[in-house]
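Results of the structural survey
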Amino acid sequence: MWDEVKDFVELPICEPIYSTYHFQGAAGAILVKNPTVRNWYLNEVMILQCNRKFLNGYTTPEINIVSSYLHENPYILRQAYPTRFIKGHLNAVIKNMLDEGYYVLYIGIDDYYIKGKSWYKKRHFDHDGLICGYDQKDKTFSIFAYDENWIYKKFKTPQKCLEQGRRSTFKRSYNGRIAALSVKPDPVDLNPELICKKLREYLDSSLGKYPTYTDDVAYGIVVHDYIAMYLDKLYDGSIPHSRMDWRVFRLIWEHKRVMFERLRAVEEVLGLPHDLSESYFSLVKDADHMRMLYAAYHIKERKTTLTAIKKRLLRLKNQEKKILQRFVETVEKELGK
């Protein structure tokens, strides 16, 4: 029997739980296939991390959330293939994957050639993105990624761009990959006990435990202190404005937004009042305000903006610590721990 020839495929996507980086956004977008996997993120993915190399010449703190990488999600299945062996058949392979209901993650294809993407015709950058559809009428792929305006969204790009980007990457001796992605159907339940364990780990973090005289990774709530130091480096010019990492406060805002969702979900499951999650919601609003101030600083360098952000950030850290400690104590008492 002949395989069905299709002209159009568009797989559904949803708003990711985290989306500061492509490897987070791609993982979250495909959870439309099993929305309960969102509970895995609420149970497990909450520990902030950053490097300390920026104290000694590095220009980014590489802020992230532990286990937010796509390959760390045990409910996402990946079948990956090096693009160097696919050559002129790249688009056909992508369409075959989409035809069978798989999302397609590409890694290491030059943004310079991907029309509509963040570095299109500006910079050669081996980057990634999620392909969720194609249209043979206009010869396009639907890509979910940062666009030319640095907005994370779905947009169309000519199919020929992918092969151009692959060739460019290959010529510079980098081997990219494409992966067929699917989501396991297994239901995932919220786990208040595990959440409390992870929150205790997040709170067990200080400058004493992660001192400034080493440059490896720091974990937990102390990351706020290190981001305050990063702002100091921007303020004194030891990290130039032109080299600032513009993603820092987007991730902090996403971290607080998801933390609020986590607290509210546990309260709902255990039948607790919403007092603590309501208190925490003010931190989400503060983080969003800091995100906007930081974006304004990115556009126009004003030292007073950094001072205002730093003050808000350290205040947020102290408030978060108090709320989360009370939350853990309340939940563990409810669980009989």
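Structure's up top.
Residues numbered from 1 in each chain as written. Predicted model: local features only at pLDDT ≥ 70, side-chain atom pairs only at ≥ 80, totals over all residues. Heavy atoms only, no water.

**Observations concerning the overall build of the protein**
Formally: Numbering goes from the N terminus for both helices and strands, where a helix is a DSSP run of H or I of at least four residues and a strand is a run of E of at least two. For the radius of gyration, the atoms used are the C-alpha atoms, and the globule rule reads 2.2 Å times the number of residues raised to 0.38. Partly exposed residues are those whose accessible area sits between 20% and 50% of the maximum for their type, while under 20% is buried and over 50% is exposed, using a 1.4 Å probe and protein chains only. Note on contacts: a residue pair qualifies if any of its non-hydrogen atoms lie within 4.5 Å across the two residues. For every accessible area listed, the method is Shrake-Rupley and the probe measures 1.4 Å; residues are considered covered only by the protein chains on display.
When you go through the protein residue by residue, the secondary structure sums to nine helices and ten strands. By the compact-globule yardstick of 20 Å for 337 residues, the protein fits well, its C-alpha radius of gyration being 22 Å. Each of the three principal axes of the protein carries a C-alpha extent, and together these read 60 × 50 × 30 Å. For the protein, the residues scored as buried account for 52% of the 337 residues in total. Restricting the contact set of the protein to residue pairs at least 6 apart, pairs at least 24 apart contribute 70%. In the form shown here, the protein has an accessible surface area of approximately 16,200 Å², with 50% of it arising from carbon and sulfur atoms.

**Considerations on the packing of helix α5 (residues 192-203) against helix α7 (residues 248-270)**
We apply this condition: All axes are obtained by fitting lines to C-alpha atoms, using only the stretch in contact for helices, and the reported angles, taken between N-to-C directions, cover 0 to 180 degrees. The handedness criterion is simple: a crossing whose near helix is rotated anticlockwise from the far helix by less than a right angle is left-handed, and one whose near helix is rotated clockwise is right-handed. Residue type decides the class: Asp, Glu, Lys and Arg count as charged, Ala, Val, Leu, Ile, Met, Phe, Trp, Tyr, Cys and Pro as nonpolar, and the leftover types, Gly among them, as polar.
Packing of α5 against α7 brings their axes to within 11 Å, and their N-to-C directions diverge by 145 degrees. Relative to α7, α5 is oriented so that their crossing is left-handed. Every residue of α7 that contacts α5 at Pro 192, Ile 195, Leu 199 and Tyr 202 is listed here: His 255, Lys 256, Met 259, Arg 262, Val 266, Val 269 and Leu 270. Classifying every residue of the contact of α5 with α7 gives eight nonpolar, one polar and two charged.

**Here's the deal with the sheet that holds strand β3 (residues 64-65)**
Just so we agree on the cut-off: DSSP calls a pair of strands paired once it identifies at least 2 bridges connecting them.
Pairing within the open sheet is antiparallel, and its three strands lie in the order β3-β2-β10. Each edge of the sheet is formed by a strand with only one pairing partner; in this case those strands are β3 and β10 (217-219). When strand β2 (residues 48-51) meets β3, the two strands line up antiparallel, connected through two bridges. Counterpart to Gln 49 in the pairing with β3 is Asn 64. Contacts from helix α6 (residues 223-236) reach β2 and β10, with the element oriented near 40 degrees to β2.

**Structural notes on the pairing of strand β7 (residues 140-146)**
With seven of seven residues buried, β7 lies mostly within the body of the structure. Where strand β6 (residues 126-135) lies against β7, five bridges are found, and the strand directions are antiparallel. Following the sheet pairing, Gly 133 is matched in β7 by Ser 142. Connecting the antiparallel pair β6 and β7 is a turn made up of four residues, with Lys 139 showing a positive phi of about 55 degrees. When β7 meets strand β8 (residues 152-158), the two strands line up antiparallel, connected through seven bridges. Its bridge partner lying in β8, Ser 142 is registered against Lys 156.

**With respect to the packing of α7 against helix α9 (residues 303-335)**
Filter applied, for reference: Every angle not falling under 35 degrees, over 145, or within 65 to 115 is termed oblique; those three ranges are roughly parallel, roughly antiparallel and roughly perpendicular.
Contact geometry of α7 with α9 gives a least axis separation of 12 Å together with a crossing angle of 20 degrees. What the angle tells us is that α7 and α9 run roughly parallel. The chirality of how α7 crosses α9 is left-handed. Two secondary-structure elements touch here, α7 through Phe 249, Ile 252, His 255, Lys 256, Met 259, Leu 263, Val 266, Glu 267 and Leu 270 and α9 through Ile 309, Leu 313, Leu 316, Glu 320, Leu 324, Phe 327, Val 331, Glu 334 and Leu 335. Here the contact of α7 with α9 is built from residues that sort into 13 nonpolar, one polar and four charged.

**As for the pairing of β6**
Within β6, nine of the ten residues are buried, which leaves the element mostly enclosed by the surrounding structure. When strand β5 (residues 103-110) meets β6, the two strands line up antiparallel, connected through six bridges. Among the inter-strand pairings, Asp 110 is bridged to a residue of β6, identified as Asp 126.

**Description of the packing of aromatic side chains**
When we look at a pair of aromatic rings, we describe it by the centre distance and by the angle of the planes. Inclusion rule: Pairing of aromatic side chains here covers Phe, Tyr and the six-membered ring of Trp, requires ring centres within 6.5 Å, and sorts the geometry by plane angle: under 30 degrees stacked, over 60 edge-to-face, intermediate tilted. Lysine NZ or arginine CZ positioned within 6 Å of the ring centre and within 35 degrees of the ring normal marks a charge as sitting over the ring.
Under the counting rule described, the total for this entry stands at 16 aromatic pairs. Between Tyr 146 and Tyr 152, the ring centres sit 4.7 Å apart and the planes meet at 45 degrees, which makes this aromatic pair tilted. Here the two residues Tyr 146 and Tyr 152 agree in accessibility, since each one is buried. Between Phe 249 and Tyr 294 the ring centres are 4.8 Å apart and the planes differ by 50 degrees, which places this aromatic pair in the tilted class. With a gap of 45 residues between them, Phe 249 in helix α7 and Tyr 294 in helix α8 (residues 275-299) connect regions that are remote in the sequence. As far as the burial class goes, Phe 249 and Tyr 294 line up, both buried. The structure contains a cluster of three or more aromatic residues connected by ring pairs, namely Trp 119, Phe 144, Tyr 146, Trp 150, Tyr 152 and Trp 246. In this structure, Lys 53 is placed above the aromatic ring of Tyr 58, and the distance from its NZ or CZ to the ring centre is 4.2 Å. A cation sits over an aromatic face here: Arg 257 above Trp 253, 4.5 Å from the ring centre.

**So, the nonpolar core**
Heads up, the rule is: We call a set of buried residues a nonpolar core when its members are Ala, Val, Leu, Ile, Met, Phe, Trp, Tyr or Cys and they connect through side-chain atoms within 4.5 Å of each other.
Membership of the largest hydrophobic core comes to 105 residues, with the highest contact counts inside it found for Leu 162 and Phe 249. Sorting elements by how many residues they give to this core places α7 first, with ten residues. Residues within four places of Leu 162 in sequence aside, it is in contact with Leu 90, Asn 91, Ile 94, Tyr 106, Ile 109, Ile 114, Ile 131, Phe 141, Ile 143 and Thr 157.

**Notes on the pattern of salt bridges**
The condition is simple: Salt bridges, as used here, are contacts in which a Lys or Arg side-chain nitrogen is within 4 Å of a carboxyl oxygen on Asp or Glu.
Tallying each qualifying case throughout the model produces 22 salt bridges. Residue Arg 257 pairs with Glu 15 through a salt bridge whose shortest N-O separation is 3.7 Å. Of the two residues, Arg 257 sits in helix α7 while Glu 15 sits in the loop between β1 (8-10) and α1 (22-29), which places them 242 residues apart along the sequence. Judged by its relative accessible area of 22%, Arg 257 falls in the partly exposed class. The closest approach of N and O atoms between Lys 317 and Asp 225, which form a salt bridge, is 2.9 Å. Placement of Lys 317 in helix α9 and of Asp 225 in helix α6 is noted, with a sequence separation of 92 residues between them. Judged by its relative accessible area of 15%, Lys 317 falls in the buried class. The exposure class of Asp 225 is buried, given its relative accessible area of 14%. A cluster of three or more residues bridged by salt bridges with shared partners is formed by Asp 135, Asp 138 and Lys 156.

By themselves, these are just geometric observations and shouldn't be taken as functional.
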